[in-house]
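A look at the structure
The chain contents come next:
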Amino acid sequence: MRIVAIGGEPATGKTTLLRAFLKLLSSGSFCELGQVKYHLWESEYLVVLGDYRQSGFAGTDRLSMSVQPQALEFVRSLSADPLTKWAVVFEGDRLFNTSFLSECKEISDLVCWILDTEQGEKERRCLERGSKQNEIWMKGRVSKIRRIASQFEVNTKRHDTKEDTRRLAKRLLRLVKT
């Protein structure tokens, strides 16, 4: 089993990247299991946690704040079959935290990407989508990402342009297929 976790500060393009990744795949199924919402490609043994069916507010941000225990149980259930090599992908603040990542690392091969975006581009994206997080909250997100980067082996990926999105989506597809 391989788990790919994608995190980053607000407006680094986590959800945008996952949407581009999903466009590279054939149609999957959308499923709900308790609080866990996910997209499933059973023939490819691929699960993308979160809800990407609508524009705007999407991904794991559409999951309950209390989803972590159920999501962990779901991921463990996928790892229970030693004959099947599932890939699980997720992004965002709900699950990209030290406790969930630690549990995932115990279960499987964990790959962590942290998206990095130029400050001016992050500000432009926040304005474009109408985000108005206060400065203290934003500093908390920065600290959280730095803490994760210090505790886990992470790969920082530059994500400033649409070309970066396409390139990273293709790279993610190769990663889950290997």
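Before reading on, note that the structure itself is shown above.
First things first, this report covers the structure right here in the doc. What you see is a predicted model, and the numbers here were worked out from it, not measured in a lab.

Cut-offs and rules
Residues numbered from 1 in each chain as written. Predicted model: local features only at pLDDT ≥ 70, side-chain atom pairs only at ≥ 80, totals over all residues. Heavy atoms only, no water. Helix = DSSP H or I, 4+ residues; strand = E, 2+ residues; numbered from the N terminus. Buried < 20%, exposed > 50% of the residue type's maximum accessible area, 1.4 Å probe, protein only. Core = buried A, V, L, I, M, F, W, Y, C linked by side-chain atoms within 4.5 Å. Contact = heavy atoms within 4.5 Å. Lys, Arg positive; Asp, Glu negative; His and termini not counted. Salt bridge = Lys/Arg side-chain N within 4 Å of Asp/Glu carboxyl O. Polar contact = N/O pair within 3.5 Å; in protein donor to acceptor, adjacent residues only side chain to side chain. Phe/Tyr/Trp six-rings, centres within 6.5 Å; stacked < 30°, edge-to-face > 60°. Lys NZ or Arg CZ within 6 Å of the ring centre and 35° of its normal.

**Digging into unusual backbone geometry**
Working note: non-glycine residues mostly have negative phi, and peptide bonds are mostly trans. Residue A11 is not a glycine yet carries a positive backbone phi of 75°. Note that A11 resides in the loop between strand 1 (2–8) and helix 1 (14–23). A positive phi angle, close to 55°, is found at Y45, a residue other than glycine. Checked against the element boundaries, Y45 lands in the loop between strand 3 (36–41) and strand 4 (46–49). By relative accessible area, Y45 is classed as partly exposed at 37%.

**Topic: the nonpolar core**
Of all hydrophobic cores here, the largest spans 30 residues; its most connected members are V47, L49, F90 and L101. If one sorts the elements of this core by residue count, helix 2 (residues 68–79) sits on top with five residues. Contact partners of V47, with chain neighbours within four places excluded, come to Y38, H39, L40, F74, L78, W86, A87, V88 and V89. With 23 residues, the next largest nonpolar core counts I6, A20, V89 and L175 among its residues.

**Here's the deal with the side chain of K14**
Of note, K14 is situated in helix 1. Among buried charged residues, K14 stands out as having no salt bridge; its nearest opposite-charge side chain is E91, 5.5 Å away. Among the polar contacts made by the side chain of K14, one reaches the main-chain carbonyl oxygen of G8 at a distance of 3.2 Å. In contact with K14, not counting residues within four places along its chain, are I6, G7, G8, E9, E91, G92 and L115.

**Quick notes on the packing of aromatic side chains**
By the definition in use, this model includes three aromatic pairs. Note on Y45 and W86: the rings are 5.3 Å apart at their centroids and 85° apart in plane angle, and the pair reads as edge-to-face. In this pair, Y45 is assigned in the loop between strand 3 and strand 4 and W86 in the loop between helix 2 and strand 5 (87–91), connecting sequence segments 41 residues apart. Classification of W86 as buried rests on a relative accessible area of 10%. Taking the centre distance of 5.3 Å and the plane angle of 80° together, the rings of F90 and F100 count as edge-to-face. With a gap of 10 residues between them, F90 in strand 5 and F100 in helix 3 (residues 98–107) connect regions that are remote in the sequence. Accessibility classification places F90 together with F100 in one group, the buried group. Seen from the ring of F30, R53 lies directly overhead, with NZ or CZ sitting 3.6 Å from the centre.

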